[in-house]
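Each chain, written out:
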Amino acid sequence: MVEHRFGGEHTELKLDVLGAYLDFYCNALKNQRFETWYIDGFAGTGFRQQTEMTGGIFDNEPIAFKEKTLLGSASIALNVDPPFDHYRFVEAHGPRRAALNELCDAAGARDCAIQGGDANDYIQKILADPPWSQHRDQWRQRAVVFLDPYGMSVKWQTLKALAESERADVWYLFNIKAVNQQMARDSARIDSSKFLALQEQFGTADWQTAFYRSGPTQGTLFGDTAPSSSKVATPEQISHFMRERLSTLFRYVSDPLPLTVGNMDRYFELYCLSNSPSPQAIALIKKGVTDIIRKRAQDRRQQGLP
Ligand SMILES: C[S@@+](CC[C@H](N)C(=O)[O-])C[C@H]1O[C@@H](n2cnc3c(N)ncnc32)[C@H](O)[C@@H]1O
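Let me sum up the structure you'll find in this document. (Residues numbered from 1 in each chain as written. Predicted model: local features only at pLDDT ≥ 70, side-chain atom pairs only at ≥ 80, totals over all residues. Heavy atoms only, no water.)

**Structural notes on the pattern of salt bridges**
Logical step 1: In the structure shown here, the tally under the stated rule is 16 salt bridges.
Logical step 2: A salt bridge links D255 to R243, with the shortest nitrogen-to-oxygen separation between them at 2.4 Å. Within this pair, whereas D255 is found in the loop between strand 12 (252–253) and strand 13 (257–261), its partner R243 is found in helix 9 (residues 235–247), the two being separated by 12 residues in sequence.
Logical step 3: Assessed through its relative accessible area of 54%, D255 is described here as exposed.
Logical step 4: Among the residues examined, R243 registers a relative accessible area of 30% and is labelled partly exposed.
Logical step 5: One network of salt bridges, with partners in common, ties together E3, R5 and E67. (Salt bridge = Lys/Arg side-chain N within 4 Å of Asp/Glu carboxyl O. Helix = DSSP H or I, 4+ residues; strand = E, 2+ residues; numbered from the N terminus. Buried < 20%, exposed > 50% of the residue type's maximum accessible area, 1.4 Å probe, protein only.)

The following block contains the structure:
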């Protein structure tokens with residue numbers, strides 16, 4: 001087995017919400033004339049490995065470490081009943097793709113394909129080609145797209161293409177911590193690669209005015225002057241800005257589900273996005289997402305989890 005170690009408690013919540021939505025979606029669409037697609041842009045291996053610590057003073061047991069293998073997004077999607085008509089997994093890492101191949105073979109899914117390279121390129125291409133475009137059955141194509149990158153790899157252009165398709169429900173993991181780290185305290189210290197990465201993330205350069213405030217012009221060693229501006233962004237402001245940006249593309253932007261890591265309560269946020277032109281479809285998606293998130297929140301409160 002190809003090991004893939006990532007995430008923690010927040011990953012379980014994220015994947016639990018995704019699984020519940022896939023179930024809701026496939027059942028809602030099962031008697032309709034749509035062709036359903038599950039597209040996983042950052043698919044991993046289908047599993048994730050985690051080391052768990054047991055014992056300690058509260059359990060009155062010696063500390064021990066136990067290896068656990070948990071389901072990843074690809075396995076969860078392949079287990080949905082009724083299944084999707086088409087599965088597409090994009091994964092940049094070769095050995096992980098080999099693991100996905102085995103998973104697809106074992107699942108016996110009707111149409112399952114694994115793709116290397118960059119998720120952005122693939123998703124934009126699939127939406128531009130038949131049967132999604134230039135095809136008499138394009139109206140039948142419907143997708144759930146899961147965008148679960150490590151950092152800031154989802155490009156604005158990809159979100160735009162998904163919104164313009166008007167036929168994809170997108171689950172998007174927004175990494176606030178990664179965005180925050182790209183922004184130096186002094187704007188003059190943001191190099192061009194970071195600047196471009198932030199622009200790709202938000203689809204605008206306006207993040208500068210939202211997150212920086214100009215200070216007095218400072219003299220430099222060479223006797224001339226350079227403008228200075230300091231970061232004023234908080235995780236809450238970054239969250240708010242992203243939500244507004246997403247609302248420029250999608251008719252429905254869910255309340256973000258905050259995913260806590262350690263003591264940082266806004267490390268990641270999980271969004272559900274849809275740009276369906278049908279108010280009935282949007283109302284149904286909204287109800288499905290709200291019910292799923294409310295139920296998880298209740299369960300977690302009962303278990304004493306954040
Ligand atoms: C957080 S993991 C995804 C985990 C997966 N969703 C799951 O639940 O098991 C991110 C994955 O994206 C892959 N990756 C990174 N950059 C990528 C890119 N630009 N396009 C496609 N895959 C990429 C990594 O190799 C990694 O396996």
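Text resumes after the structure shown.
**Focus: the site of the ligand**
Logical step 1: Close to the ligand lie 19 residues, the nearest being S73, E91, R96, D118 and D148.
Logical step 2: In this structure, R96 approaches the ligand through a side-chain N or O atom, which is 2.8 Å from an oxygen atom.
Logical step 3: For the ligand, the protein covers 91% of the area, taking 600 Å² as the surface of the free molecule.
Logical step 4: Judged by the fraction of its atoms near the pocket grid, the ligand is located in the largest pocket. (Near = heavy atom within 4 Å. Polar contact = N/O pair within 3.5 Å; in protein donor to acceptor, adjacent residues only side chain to side chain. Areas by Shrake-Rupley, 256 points an atom, 1.4 Å probe, with all protein chains shown as cover. 1 Å grid on protein atoms, 1.4 Å probe; cavity = no way out; pocket = protein on both sides within 12 Å on 5 of 7 lines; lining within 4 Å. Sits in = over half its atoms within 2 Å of the grid points.)

Purely geometric stuff here, so don't read any function into it on its own.
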